[in-house]
Amino acid sequence: MAQILDGKALAAEIREGLGREASALAQNGITPGLAVVLVGQNPASQVYVRMKRKACAKAGIAAIDHDLPAETSEDTLLQLIDQLNADPKIHGILVQLPLPKQIDEARVIERIDPAKDVDGFHPVNVGLLATGKPCFVSCTPAGIMELIDLAGIDIVGKRAVVLGRSNIVGKPVAALLLARHATVTICHSRTEDLAGEIARADIVVAAIGQPEFVKGSWIKPGATVIDVGINRLDDGRLVGDVEFDAAAERADAITPVPGGVGPMTIAMLLKNTVEAAKRTTVR
């Protein structure tokens with residue numbers, strides 16, 4: 001039976017360490033500040049934002065809330081971002097996605113100061129990641145790497161398959177694995193012989209949002225499986241993109257859903273925010 005990679009426990013350890021770092025910064029008169037911008041009342045977004053605000057409070061990070069109505073114009077949101085960029089008490093800016101249809105998400109992301117882009121979505125940070133330079137890394141991919149390290153596997157030379165090619169997870173996690181000398185294949189809806197690709201992988205990262213799409217029989221014995229998906233079934237159960245029970249019989253390590261990647265995403269957001277605050281002390 002596979003080792004269960006407990007993202008909830010690991011995230012708690014990380015948050016505890018960040019709390020100590022935030023306390024040290026506070027002694028120098030700096031309280032890490034995260035501006036949390038929520039436009040509209042998307043139920044899932046409201047849940048995510050509440051979780052992030054709660055985690056900030058526990059880690060000694062000031063979460064400054066900006067809740068805007070759904071009819072907010074793009075210009076109004078861009079003006080708010082300009083104000084947050086100029087505010088020295090704000091070290092990180094998080095604009096919760098998705099945004100209402102009248103707002104261009106790309107324009108909003110590009111307006112955030114890359115030094116405050118703790119989500120790691122700005123093209124500058126994406127480009128720095130692609131070229132192997134220091135940057136803010138998108139939170140879910142950063143959390144995935146922490147979980148792979150928790151599994152204790154040596155990434156060098158291993159075959160890694162990333163299922164999904166989104167800008168938020170698939171592409172950046174592939175870049176991170178490549179930087180650690182894995183041989184990386186990105187698979188997607190048009191990949192031929194997907195089962196065969198996964199069967200050859202020492203590391204599988206599944207991020208496509210399809211419940212239990214990856215069958216346990218596809219998993220190479222001894223592989224590490226990172227399941228990013230979180231899908232609610234008609235009976236109310238939450239499942240990932242991987243057929244967990246069957247995969248756990250073959251894998252050496254696997255993340256549960258829930259309690260795997262999700263908590264790590266928030267922990268990495270807090271880590272990026274504390275890092276942004278620390279950088280202000282050395283400017």
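Data block above holds the structure.
This is a predicted model, so every value here is computed, not measured.

What counts and how
- Residues numbered from 1 in each chain as written.
- Predicted model: local features only at pLDDT ≥ 70, side-chain atom pairs only at ≥ 80, totals over all residues.
- Heavy atoms only, no water.
- Helix = DSSP H or I, 4+ residues; strand = E, 2+ residues; numbered from the N terminus.
- Expected span 1.5 Å × (residues − 1).
- Buried < 20%, exposed > 50% of the residue type's maximum accessible area, 1.4 Å probe, protein only.
- Contact = heavy atoms within 4.5 Å.
- Polar contact = N/O pair within 3.5 Å; in protein donor to acceptor, adjacent residues only side chain to side chain.
- 1 Å grid on protein atoms, 1.4 Å probe; cavity = no way out; pocket = protein on both sides within 12 Å on 5 of 7 lines; lining within 4 Å.
- Points joined across faces, edges and corners; volume = space filled by probe spheres on them.
- Axes fitted to C-alpha atoms, helices over the stretch in contact; angles between N-to-C directions.
- Parallel < 35°, antiparallel > 145°, perpendicular 65-115°, else oblique.
- Left-handed = near helix turned anticlockwise from the far one by under 90°.
- Nonpolar A, V, L, I, M, F, W, Y, C, P; charged D, E, K, R; others polar.
- Core = buried A, V, L, I, M, F, W, Y, C linked by side-chain atoms within 4.5 Å.

K.L.:
Help me understand helix H1 (residues 7–27), please; the structure alone is not making it clear to me.
P.N.:
For an α-helix the count is 3.6 residues per turn, leaving residues at separations of three or four pointing the same way. With 21 residues, H1 ought to run about 30 Å at 1.5 Å a step, and its terminal C-alpha atoms sit 30 Å apart, in line with that. Among the residues making up H1, those that are buried are Gly-7, Leu-10, Ala-11, Ile-14, Gly-17, Leu-18, Gly-19, Ala-22 and Leu-25. Turning to H1, the residues buried within the fold contact helix H6 (139–150) and helix H10 (261–280). The backbone nitrogen of Lys-8 lies 3.1 Å from a side-chain oxygen of the residue at the head of H1, namely Asp-6. Taken from the residues just after H1, Gly-29 is the one with a positive phi, measuring 80°.

K.L.:
What is the right way to look at the layout of surface pockets in this model?
P.N.:
One way to see where empty space is left: roll a probe the size of a water molecule over the atoms. For the largest pocket, the calculated volume is near 1,500 Å³. Forming the walls of the largest pocket are 49 residues, and the residues nearest its centre are Tyr-48, Thr-140, Ile-230, Gly-262 and Thr-265. Contributing elements (two or more residues each) for the lining of the largest pocket: H1, helix H2 (43–58), strand S4 (92–95), H6, strand S9 (231–232) and H10. The element contributing the most residues to the lining of the largest pocket is H2, with 9 residues.

K.L.:
What should I look at first to understand the packing of H2 against H10 in this one?
P.N.:
Helix-helix packing: each pair is described by the crossing angle between the helix axes and the interaxial distance. For the pair H2 and H10, interaxial distance at closest approach is 10 Å and the crossing angle is 55°. Between H2 and H10, the interaxial angle falls into the category oblique. Of the two possible hands of crossing, H2 and H10 adopt the one that is right-handed. Residue-level inspection shows Met-51, Lys-52, Ala-55 and Cys-56 of H2 in contact with H10, the latter providing Ile-266, Leu-269 and Leu-270. Looking at the contact of H2 with H10 residue by residue, the class counts come to 6 nonpolar, no polar and 1 charged.

K.L.:
Even after reading the chapter, I still don't get the nonpolar core, so can you show me in this structure?
P.N.:
Within soluble globular proteins, side chains that are nonpolar generally end up buried alongside one another. In terms of nonpolar packing, the biggest core is built from 53 residues, with Leu-34, Ile-144, Ile-148, Leu-177, Val-205 and Ile-226 touching the most fellow members. For this core, the elements supplying multiple residues, two or more each, are H1, strand S2 (33–39), H2, H6, strand S5 (159–163), helix H7 (170–179), strand S7 (203–206) and H10. When residues of this core are assigned to their parent elements, the largest contribution, 10 residues, is made by H10. When near neighbours in sequence (up to four residues on either side) are disregarded, Val-205 contacts Ile-144, Val-161, Val-162, Leu-163, Val-173, Leu-177, Ile-226 and Val-228. By size, the runner-up hydrophobic cluster in this structure holds 19 residues, among which are Val-161, Leu-194, Ile-198 and Ala-223.

Without other data, these values stay purely geometric and don't point to any function.
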